[in-house]
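# Structural features, examined
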Amino acid sequence: MPGTGVGAAYHHRRETPMAERGDESLVHTLKKVAAVLKQEEIPFALGGSFAVYAHGGHSSEHDVDFLIREVDVERALEALVAAGFTAERPPEDWLVKVFDDGRMVDLIHRPIETPVTEETFADTMVRPVDAIHMPVLSATQLMVHKLLSFSQHYCDFARGLPLARSLREQIDWERVRKETQHSPYAEAFLVLLDRLDVVPYSGTPQREGTP
């Protein structure tokens, strides 16, 4: 659990995130996938927008992402198909998809070109998602993944701002800077956060009047 101040903020917000989504059917699908993975003892972590909500934050996206190891992909698909899901193998080689009455869930084994490993699962914490507890990617890892998704083909900073603003107290910003320092798009986003007074950026010269 975070420290006292952050924990208080988390407890204050965590009762509302799912209601803000207004999508109970998608939550139900998420819970079904988690139940199958748990039953089959397949290690996983919740990512994407629902992970943000599980930490008490906000997201402008509408997705259900689970991270699993590549070695577990086939077993996960078999178990989910047996449970009534429809499987799809898209051209992208870093994920597979399952559908529950049209509701899509991504099973990602190589986010941001980095394979899911035991270290990935170590960077999680158990959070309640609509009364069911499951491992959720840390707020720091969620921010790293978001920043490294920005590229010359996709660079919508508006999708990262709600996450940064709502979870900023839970994010290790020094680690974020270190793990994204090779990306000019990530650097630009961090400078933007500084200019918006969301979180200071150490690479930006101190502005007049700034404490």
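Before reading further, recall that the structure is shown in the block above.
Notes on the structure follow. (Residues numbered from 1 in each chain as written. Predicted model: local features only at pLDDT ≥ 70, side-chain atom pairs only at ≥ 80, totals over all residues. Heavy atoms only, no water.)

### What to know about the packing of helix H7 (residues 139-148) against helix H9 (residues 173-180)
Closest axis-to-axis distance for the H7/H9 pair is 10 Å, and the angle between their directions is 35°. For the crossing formed where H7 meets H9, the hand is right-handed. Residues Thr140, Gln141, Met143, Val144, Leu147 and Leu148 of H7 form the contact with H9, whose own contacting residues are Trp173, Arg175, Val176, Glu179 and Thr180. Partitioned by chemical class, the residues of the contact of H7 with H9 number six nonpolar, three polar and two charged. (Axes fitted to C-alpha atoms, helices over the stretch in contact; angles between N-to-C directions. Helix = DSSP H or I, 4+ residues; strand = E, 2+ residues; numbered from the N terminus. Left-handed = near helix turned anticlockwise from the far one by under 90°. Contact = heavy atoms within 4.5 Å. Nonpolar A, V, L, I, M, F, W, Y, C, P; charged D, E, K, R; others polar.)

### Observations regarding the packing of aromatic side chains
Under the counting rule described, the total for this entry stands at six aromatic pairs. Ring geometry for Phe150 against Phe189: centres 5.7 Å apart, planes inclined by 45°, an arrangement best described as tilted. Taken as a pair, Phe150 in the loop between H7 and helix H8 (161-167) and Phe189 in helix H10 (residues 184-195) lie far apart in primary sequence, 39 residues in all. As far as the burial class goes, Phe150 and Phe189 line up, both buried. Residues Phe157 and Phe189 carry aromatic rings whose centres are separated by 5.2 Å and whose planes lie at 75° to one another, so their mutual orientation is edge-to-face. Here Phe157 is found in the loop between H7 and H8, whereas its partner Phe189 is found in helix H10, with 32 residues between them in sequence. Of the two residues, Phe157 and Phe189, neither departs from the other in class, the shared state being buried. In textbook terms, an aromatic cluster arises when at least three aromatic residues are bridged by ring pairs, as seen for Phe150, Tyr154, Phe157 and Phe189. Stacked on the ring of Phe85, the Lys or Arg Lys32 has its end atom at 5.3 Å from the ring centre. (Phe/Tyr/Trp six-rings, centres within 6.5 Å; stacked < 30°, edge-to-face > 60°. Buried < 20%, exposed > 50% of the residue type's maximum accessible area, 1.4 Å probe, protein only. Lys NZ or Arg CZ within 6 Å of the ring centre and 35° of its normal.)

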